Amino acid sequence: MSSKYHQWYHPYRPDKAFQKKAAYFSMEFAVHQALKIYSGGLGFLAGSHMLSAFELKQNLVGIGMLWKYGYYDQGRNKDQTLHPHFVEKHYSFLEDSGHEVEVNIFGNNAVKVRAMVLKPSVFGSVPIYLLTTDVEGNDDLSRSIMNNLYDSNELTRICQSIVLGIGGAKLVEALGGADIYHLNEGHALPAFYYLRNQGVGKEQMVFTTHTPEMAGNVERDAHVLNDSGFFGKKLSHDELMKETGGSDRLSYTVAALRMAKRTNAVSKLHAKVSRAMWNGNTGSGGIFPITNAQNQKFWQDISLQKARKNKNVSAFHKRKAVLKKELFDVVLDQTGKLFDPKVLTIVWARRFAEYKRADLLLRDMERFERILSSTEHPVQIIWAGKPYPKDTGAIGVFDRLVQFTKYRTNTAVLVGYEMALSKKLKLGSDVWLNTPRITREASGTSGMSAAMNGSVNLSVNDGWIPEFAKNEKNSFILPEADYKSPVHEQDDFDSANLYRCLEEKVLPMYYNAPDKWSEVVFKGMDDVVPAFSSNRMAIQYYKELYQ
């Protein structure tokens, strides 16, 4: 194999601040619309990290998975409700790295794992090696491991972790080894076990925990894991109990925390929440924050940035009107609705999960209808996002919004929430709405790239927001609900404050005090960069996690 990427290689000499060889393991990467191997925020974050690592000339590579059907393609049923499509993906721009390693999965000790490489020249990221078992010589079951990101079958998910973790660690060995092995969330945990079995010390293993949500902190039956090959070798009963602390279940997060030299959370608030959650389980020096961020070069519109730099309000509004028109063409195409660029446009767009409360605005219908029908302060609202294809609760919320918006001229639900649509929504919106139940959003990043494009955050005070927000100066922040109170009380409290904020602050300022509105817009753009651009984050990872 003649490819330079058959070994550890970058098309530049790494900057001397970033000499350490770091391998970054992630279940998903969002680096470009065309490469559909991501589902949501974790992927957007990892993708921005890889783009910034390339810009900064870091000695880092990504290790990921080549999902045959991606996450899913979001379409509609006849009545416009959600329909997930699973369509085979092929990428001519990926190159075979020439590496094929073997892993042991449930007694089949010769499952072949091939590594394809996304070269820096394609999308401007560091090299990302994408693993696949969908290769000649594997049986159908082994090949099917790669079908779906976040497969709903628990055994398949275990297999995916073994491929990413052990297959990925073996690949890094074949590339020449790394100084640092970085797990972005616990999915690749088998890497740590494999490395430990090879005599790699704790000082080379680091971990990022991404969410307080149970779905992101997987626990599995330890005996099934032991049978599957998860630990890189068969453990005796005593060894297994040592790994689990005497339990029959293994928490991926707890195991990673104990094995890593250093662990970071993804915002200051999340670090606090994580320390409380995992108290007593951190084998490293506690959990410290490296706040998530997004890649400025990818996400920010150059003309908006220039208008801000020149303090040119009219140039900003002129460009924003063009971007709104581009977004509204998508609305028109998908829903047959003609939106008006002069009308304040609110967007709620992110992964659909129950705790993120996409339908919070629908809590008091009478009040919401009043806001929607105002002629003095008109408003347009767009929702977009992908629920997990088996999450009936989240799909129910999505479908309810579809039915609610269907016959109203100034509301719309869009499908196809991937990188391209996400960018259009951030560029074309005036207000970026964020409504998770407080303490549940570890960081959130969509509001960062929205702010880069002059979309004002209207948010609960959670995740990254407390580090950024100056209420009514660069954003609008809702009063904090008591997160210990019953869920319906939190929802009542937050929805009442959301209506009040829209009626008394956001809409009057946009229409009656445009100069003040422009100040808030520009202040948001100023404050989000460089504090929440991923170059800052990628530097911090080297300085604080990889040291």
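Residues numbered from 1 in each chain as written. Predicted model: local features only at pLDDT ≥ 70, side-chain atom pairs only at ≥ 80, totals over all residues. Heavy atoms only, no water.

**Student:** Got a minute to help me understand the packing of helix α1 (residues 41-55) against helix α20 (residues 534-545) in this structure?
**Tutor:** A pair of packed helices is captured by two measures, namely the crossing angle of their axes and the spacing between those axes. Two elements in contact, α1 and α20, have axes separated by 8 Å at closest approach and are oriented at 80°. Taken as axis vectors, α1 and α20 run roughly perpendicular relative to one another. For the pair formed by α1 and α20, the contact residues are L45, S48, H49, S52, A53 and E55 on the first element and S534, N535, M537, A538 and Y541 on the second. A class-by-class count of the residues in the contact of α1 with α20 yields five nonpolar, five polar and one charged. (Axes fitted to C-alpha atoms, helices over the stretch in contact; angles between N-to-C directions. Helix = DSSP H or I, 4+ residues; strand = E, 2+ residues; numbered from the N terminus. Parallel < 35°, antiparallel > 145°, perpendicular 65-115°, else oblique. Contact = heavy atoms within 4.5 Å. Nonpolar A, V, L, I, M, F, W, Y, C, P; charged D, E, K, R; others polar.)

**Student:** Before we go on, may I ask you to explain the sheet that holds strand β15 (residues 379-384) in this structure?
**Tutor:** By way of backbone hydrogen bonds, the strands of a sheet pair with one another, either parallel or antiparallel. An order of β16-β15-β14-β17-β18-β19 is seen for the six strands of this open sheet, with the pairing classed as parallel. With one partner strand each, in any of the chains shown, β16 (411-414) and β19 (475-477) form the two edges of the open sheet. Strand-to-strand twist across the sheet, computed as the mean angle between neighbouring axes with direction ignored, equals 20°. Where β15 and β16 come together, four bridges link them in parallel fashion. If you follow I381 over to β16, its bridge partner there is T411. The sheet strands contacting helix α13 (residues 365-372) are β15 and β16, and the helix crosses β15 at an angle near 120°. Taken strand by strand, helix α18 (residues 487-512) contacts β14 (344-349), β15, β17 (431-434), β18 (456-459) and β19, and its axis lies near 135° from that of β14. (Pairing = 2+ DSSP bridges.)

**Student:** It is not clear to me how the pairing of strand β1 (residues 22-25) should be interpreted in this structure. Could you clarify?
**Tutor:** The alternating pattern of β1 places A22 and Y24 on one face and A23 and F25 on the opposite face, and all of these are buried. Across four bridges, the pairing between β1 and strand β8 (residues 180-184) is parallel. Residue pairing across strands places F25 opposite L183, the latter belonging to β8. Both β1 and strand β2 (residues 60-65) contribute to a ladder of four bridges, which runs parallel. The residue bridging A23 from the neighbouring strand is V61, located in β2. One crossover worth recording links β1 to the parallel β2 by way of α1, and it is right-handed. (Buried < 20%, exposed > 50% of the residue type's maximum accessible area, 1.4 Å probe, protein only. Right-handed = clockwise from strand over helix to strand, strands pointing away.)

**Student:** Even after reading the chapter, I still don't get the environment of L130, so can you show me in this structure?
**Tutor:** By secondary structure assignment, the location of L130 is in strand β7 (residues 128-132). Taking relative accessible area as the criterion, L130 reaches 0% and is therefore assigned buried. L130 sits 17 residues away from N147 along the chain, and the two C-alpha atoms are 14 Å apart.

**Student:** What should I look at first to understand the sheet that holds β7 in this one?
**Tutor:** If you trace the nine strands from one edge of the open sheet to the other, you get β5-β6-β7-β2-β1-β8-β9-β12-β13, paired in mixed fashion. If you trace the sheet from one side to the other, it starts and ends with β5 (95-105) and β13 (287-289), each paired once. Across the sheet, the axes of successive neighbouring strands diverge by a mean angle of 25°, strand direction being ignored. Strand direction decides the pairing type here: strand β9 (residues 205-208) and strand β12 (residues 262-265), joined by three bridges, are parallel. Pairing of T208 across the sheet is with N264, part of β12. Here helix α8 (residues 252-259) sits on the sheet and contacts β9, β12 and β13; the angle it forms with β9, its principal contact strand, is near 140°.

**Student:** Quick question: what am I supposed to make of the pattern of salt bridges here?
**Tutor:** Opposite charge on two side chains lets them pair, provided their charged atoms get close. Under the definition given, this model contains 30 salt bridges. In this structure, R319 and D301 form a salt bridge, with 2.8 Å as the shortest nitrogen-oxygen distance. With a gap of 18 residues between them, R319 in helix α12 (residues 313-335) and D301 in the loop between α10 (296-299) and α11 (302-309) connect regions that are remote in the sequence. For R319, a relative accessible area of 24% gives the class partly exposed. A salt bridge links K470 to D527, with the shortest nitrogen-to-oxygen separation between them at 3.2 Å. (Salt bridge = Lys/Arg side-chain N within 4 Å of Asp/Glu carboxyl O.)

Any functional reading would require information that these geometric values do not contain.
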